[in-house]
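Each chain, letter by letter, is given below.
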Amino acid sequence: MKTVDRFFEDYAVGESRTTQGRTVTEADVVLHAGQTGDFFPHHLDAAWCATQPFGRRMAHGTLIISMAVGMTAGDINPQAMSYGYDKIRFVKPVFIGDTITVTAEVTDKADHRKDPARLGYLHELVSVINQDGETVTVLTHLYLVNKRGEPS
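The rules behind the values
Residues numbered from 1 in each chain as written. Predicted model: local features only at pLDDT ≥ 70, side-chain atom pairs only at ≥ 80, totals over all residues. Heavy atoms only, no water. Helix = DSSP H or I, 4+ residues; strand = E, 2+ residues; numbered from the N terminus. Contact = heavy atoms within 4.5 Å. Areas by Shrake-Rupley, 256 points an atom, 1.4 Å probe, with all protein chains shown as cover. Phe/Tyr/Trp six-rings, centres within 6.5 Å; stacked < 30°, edge-to-face > 60°. Buried < 20%, exposed > 50% of the residue type's maximum accessible area, 1.4 Å probe, protein only. Pairing = 2+ DSSP bridges. Salt bridge = Lys/Arg side-chain N within 4 Å of Asp/Glu carboxyl O. 1 Å grid on protein atoms, 1.4 Å probe; cavity = no way out; pocket = protein on both sides within 12 Å on 5 of 7 lines; lining within 4 Å. Points joined across faces, edges and corners; volume = space filled by probe spheres on them. Nonpolar A, V, L, I, M, F, W, Y, C, P; charged D, E, K, R; others polar. Patch = residues over 30% accessible without salt bridge, like charges linked within 9 Å, V, L, I, M, F, W, Y side chains within 5 Å.

A few words on the overall build of the protein chain. Tallying secondary structure elements over the protein chain gives four helices and six strands in all. Order of helices (α) and strands (β) in the protein chain, N terminus to C terminus: β-β-α-α-α-α-β-β-β-β. Considering only intrachain contacts with a sequence separation of at least 6, the fraction spanning at least 24 residues in the protein chain is 70%. Accessible area for the protein chain stands at about 8800 Å²; split by element, carbon and sulfur atoms hold 53% of it.

Encoded structure:
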């Protein structure tokens, strides 16, 4: 990982990046349950899950969000910071043993409403895909990004 200055003007709508795959393990699910306090049987009780339509334990949606955002984190950019997440959807369950990849695509750029000369918003559509090519989670990651400004 390296530090790379990338300003608002350096991003283009339509640019994207795709991660390598990562397999969701039982350890991931158990650790996330302990960290969040979410011990619902959907995640931890194999016997109960066997009686349900989905038939097996599934990962927490919040775990998949965390993994996806972490997987797309690359170089450190001092000119941008995460501003939040919108439109989070859990389209399909992710099961223990599934392998996910993530694509992040810049879908929108906009000037900051209060300080348009110095700041802009960047919207990135984050799509999580399982090993079968199915979309399992989508969200919009919002960034607040510095503009270059006028040369001195």
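Structure shown, so let's carry the discussion forward.
Turning our attention to the packing of aromatic side chains. Counting across every chain of the model gives two aromatic pairs. Between tryptophan 48 and phenylalanine 54, the ring centres sit 6.4 Å apart and the planes meet at 55 degrees, which makes this aromatic pair tilted. On the basis of relative accessibility, which here comes to 29%, the residue tryptophan 48 falls in the partly exposed class. The interplanar angle of 55 degrees and the centroid separation of 5.2 Å between the aromatic rings of tyrosine 83 and tyrosine 121 together place this pair among those described as tilted.

On to the pairing of strand 5 (residues 119-129). Residues in a regular strand project their side chains so that they alternate between the two faces of the sheet. The buried fraction of strand 5 amounts to nine of the 11 residues, a majority that puts the element mostly inside the structure. As paired strands, strand 5 and strand 6 (residues 135-146) are joined by 11 bridges and run antiparallel to one another. Residue pairing for strand 6: leucine 122 is matched across the bridge by tyrosine 143.

Moving on, we get to the pattern of salt bridges. All chains considered together, the criterion is met by eight salt bridges. Between arginine 17 and glutamate 124 there is a salt bridge whose closest N-O contact spans 2.6 Å. Taken together, the positions of arginine 17 in strand 1 (residues 16-18) and glutamate 124 in strand 5 put the pair 107 residues apart, joining distant regions of the chain. Where arginine 118 meets aspartate 115, a salt bridge forms, and the shortest distance between an N and an O atom there is 2.6 Å.

There is about 590 Å³ of room inside the largest pocket. Lining of the largest pocket is provided by 23 residues; of these, Tyr11, Arg17, Thr72, Gly74 and Asp75 occupy positions nearest its centre. Contributions of two or more residues to the lining of the largest pocket are made by strand 1, helix 4 (61-72), strand 3 (80-90), strand 4 (99-111), strand 5 and strand 6. A per-element tally of the lining of the largest pocket places strand 3 first, with three residues. Residues belonging to the lining of the largest pocket are distributed by class as follows: 12 nonpolar, six polar and five charged. Computed from the structure, the second largest pocket encloses a volume of approximately 160 Å³. Along its surface, the second largest pocket is lined by 14 residues, and Met58, Ala59, His60, Gly61 and Phe90 are the ones closest to its centre. Elements with a contribution of two residues or more to the lining of the second largest pocket: helix 4 and strand 6. If you tally residues by element for the lining of the second largest pocket, the top one is helix 4, at three residues. Broken down by class, the residue content of the lining of the second largest pocket amounts to seven nonpolar, five polar and two charged.

For the rest of this paragraph, the subject is a nonpolar patch on the surface. Among the surface-exposed residues, Tyr85, Ile88 and Phe90 lie close enough to one another that they form a single nonpolar patch of about 270 Å² accessible area. Relative to the helices and strands, phenylalanine 90 resides in strand 3.

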